[in-house]
Structure formats: C-alpha cells, structure tokens
Amino acid sequence: MVAQDLFVKLLDLIPEERVSVHQLTCKTGLDHRTIKKYLDLIIQIQNSKKIVKEQVGLRVLVRREK
C-alpha cells in the first residue's frame, strides 16, 4: 500500500469523537509510530497556507495562496 492510500485510509477512520492512536493502530494494522508521524504531518498541512496548482501550457506551476 502506498503512502497516499494510507493517508486516505487514516483520514477515513478518524471519527468526530475522540479516538486513541492505539485504536487507530488496531483498525489499520499500521505501526503506532507511523500513525503518529502521519497525524503530525496532516495537522501541519492543515495549519499551513493552501497550495495552488496551475497548468500553464505544458508546465505545472505551484504557489502558496496569499
């Protein structure tokens, strides 16, 4: 399973109610360190400015929103 699939799986398994890392470990079969690392990354991404991807001709350009 690739990292992108793991992120999506983890996001789908997090309910609105609180859940422990141990519970997520049991549901996903992933190591608790991996889950903690992915959660930290998701939180960091949520707290940063949005990234915009633009296609200009054949080039793909990215920038941060102002």
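As the structure is a prediction and not an experimental result, all values here were calculated from the model.

Q: Looking at this structure, I do not really get the packing of aromatic side chains. What am I missing?
A: We describe a pair of aromatic rings using the distance from one ring centre to the other and the angle between the two ring planes. Overall, the coordinates contain 1 aromatic pair when judged by the stated rule. Relative to Tyr 38, the ring of Phe 7 lies with its centre 4.4 Å away and its plane at 20°, an arrangement referred to as stacked. With a gap of 31 residues between them, Phe 7 in helix H1 (residues 3–13) and Tyr 38 in helix H3 (residues 32–46) connect regions that are remote in the sequence. Assessed through its relative accessible area of 11%, Tyr 38 is described here as buried.

Q: I keep staring at H3 and nothing clicks. Help me out?
A: Helical geometry note: an α-helix holds 3.6 residues per turn, so side chains three or four residues apart project in the same direction. Across its 15 residues, H3 extends 21 Å between first and last C-alpha, which sits within 8% of the 21 Å expected from 1.5 Å per residue. Those residues of H3 that are buried are in contact with H1 and helix H2 (21–28). The opening residue of H3, the one whose side-chain oxygen lies 2.8 Å from the backbone nitrogen of Arg 33, is Asp 31.

Q: Can you help me understand the pairing of strand E1 (residues 51–56) in this one?
A: Taken residue by residue, a regular strand's side chains alternate between the two faces of the sheet. With 6 bridges joining them, E1 and strand E2 (residues 59–64) adopt antiparallel strand pairing. Residue pairing in the sheet places Glu 54 in a bridge with Leu 61 of E2. With antiparallel pairing between neighbouring strands as the criterion, E1 and E2 make up a hairpin whose turn holds 2 residues, including Gly 57 at a positive phi of roughly 65°.

Criteria and cut-off values
- Residues numbered from 1 in each chain as written.
- Predicted model: local features only at pLDDT ≥ 70, side-chain atom pairs only at ≥ 80, totals over all residues.
- Heavy atoms only, no water.
- Phe/Tyr/Trp six-rings, centres within 6.5 Å; stacked < 30°, edge-to-face > 60°.
- Helix = DSSP H or I, 4+ residues; strand = E, 2+ residues; numbered from the N terminus.
- Buried < 20%, exposed > 50% of the residue type's maximum accessible area, 1.4 Å probe, protein only.
- Expected span 1.5 Å × (residues − 1).
- Contact = heavy atoms within 4.5 Å.
- Polar contact = N/O pair within 3.5 Å; in protein donor to acceptor, adjacent residues only side chain to side chain.
- Pairing = 2+ DSSP bridges.

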